[in-house]
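# A look at the structure
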Amino acid sequence: QVQLVESGGGLVQPGGSLSLSCAASGSIFSINTMGWYRQAPGKQRELAPAMIGGRTNYADFVKGRFTISRDNARNTVYLQMNSLRPEDTAVYYCNMKIMLTGRGPEYDRWGQGTQVTVSS
């Protein structure tokens, strides 16, 4: 079984910073895509930044403020969030598309979600 465990998040004032991390454990062959989604109350889950292979995609609303990075040796993805705004308040979920073998399909796995609240 592959599990994703998130850490970080919490309460921060507007303009502040937070960092999130998400580590995958289990029998993993490779992880091509790692990304972060967020879901605010009453809204659909939306993609923030994602890393697909060596390319990084950022949603317009996080460009210049959020940075995604990864440590392949640790099967871990990070999200550094700066200049946070109240509208960034949401539950943040990491997502990874994981291959368990060299010939197998990719499996979609999600972290448990972590709350980020931006408020004065």
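Attention shifts here to the state of the cysteines. Per the counting criterion, the structure on display carries 1 disulfide. The side chain of C22 participates in a disulfide bridge whose partner is C94; the two sulfur atoms lie 2.0 Å from each other. Across the S-S bond of C22 and C94 the torsion is about 50 degrees, and the bridge reads as right-handed. With C22 in strand β3 (residues 18–25) and C94 in strand β9 (residues 90–99), this pair connects stretches of sequence that are 72 residues apart. Taking relative accessible area as the criterion, C94 reaches 0% and is therefore assigned buried.

Sheet analysis places strand β1 (residues 3–8) next to β3, joined by 6 bridges and oriented antiparallel. Note that in β3 the partner of G8 across the bridge is L20. Sheet topology places β3 next to strand β8 (residues 76–81); 6 bridges connect them, and they run antiparallel. Bridge pairing links A23 to T76 in β8.

A positive phi angle, near 50 degrees, is found at N75, a position not held by glycine. Phi angles above zero are rare outside glycine, and S83 is one such case at about 50 degrees.

What follows concerns the nonpolar core. Counting residues in hydrophobic clusters, the biggest one holds 29 residues, and the most contacted among them are W36, M81, Y92 and M96. Mapped onto this core, the elements with two or more residues apiece are β3, β4 (30–39), β5 (46–52), β7 (66–71), β8, β9 and β11 (114–118). At 5 residues, β9 tops the list of elements feeding residues into this core. The residues touching Y92, leaving out its near neighbours within four places in the chain, are E6, L20, W36, Y37, R38, F66, L79, M81, G113, T114 and V116.

Right, let's talk about the sheet that holds β7 for a bit. Overall, antiparallel pairing links the 4 strands, which are arranged β1-β3-β8-β7 in an open sheet. Of all strands in the sheet, those with a lone pairing partner are β1 and β7, marking the two edges. If you compare each strand with its neighbour and ignore which way they point, the axes differ by 15 degrees on average. When β7 meets β8, the two strands line up antiparallel, connected through 6 bridges. Paired with I68 across the two strands is L79, which belongs to β8.

A few words on the packing of aromatic side chains. The tally for this structure, following the rule as stated, stands at 1 aromatic pair. When the ring centre of Y93 is taken as reference, the NZ or CZ atom of R45 above it lies at 3.8 Å. Against the face of W110 rests R45, its NZ or CZ located 4.7 Å from the ring centre.

Rules used in this analysis
- Residues numbered from 1 in each chain as written.
- Predicted model: local features only at pLDDT ≥ 70, side-chain atom pairs only at ≥ 80, totals over all residues.
- Heavy atoms only, no water.
- Disulfide = S-S within 2.5 Å.
- Helix = DSSP H or I, 4+ residues; strand = E, 2+ residues; numbered from the N terminus.
- Buried < 20%, exposed > 50% of the residue type's maximum accessible area, 1.4 Å probe, protein only.
- Pairing = 2+ DSSP bridges.
- Core = buried A, V, L, I, M, F, W, Y, C linked by side-chain atoms within 4.5 Å.
- Contact = heavy atoms within 4.5 Å.
- Axes fitted to C-alpha atoms, helices over the stretch in contact; angles between N-to-C directions.
- Phe/Tyr/Trp six-rings, centres within 6.5 Å; stacked < 30°, edge-to-face > 60°.
- Lys NZ or Arg CZ within 6 Å of the ring centre and 35° of its normal.

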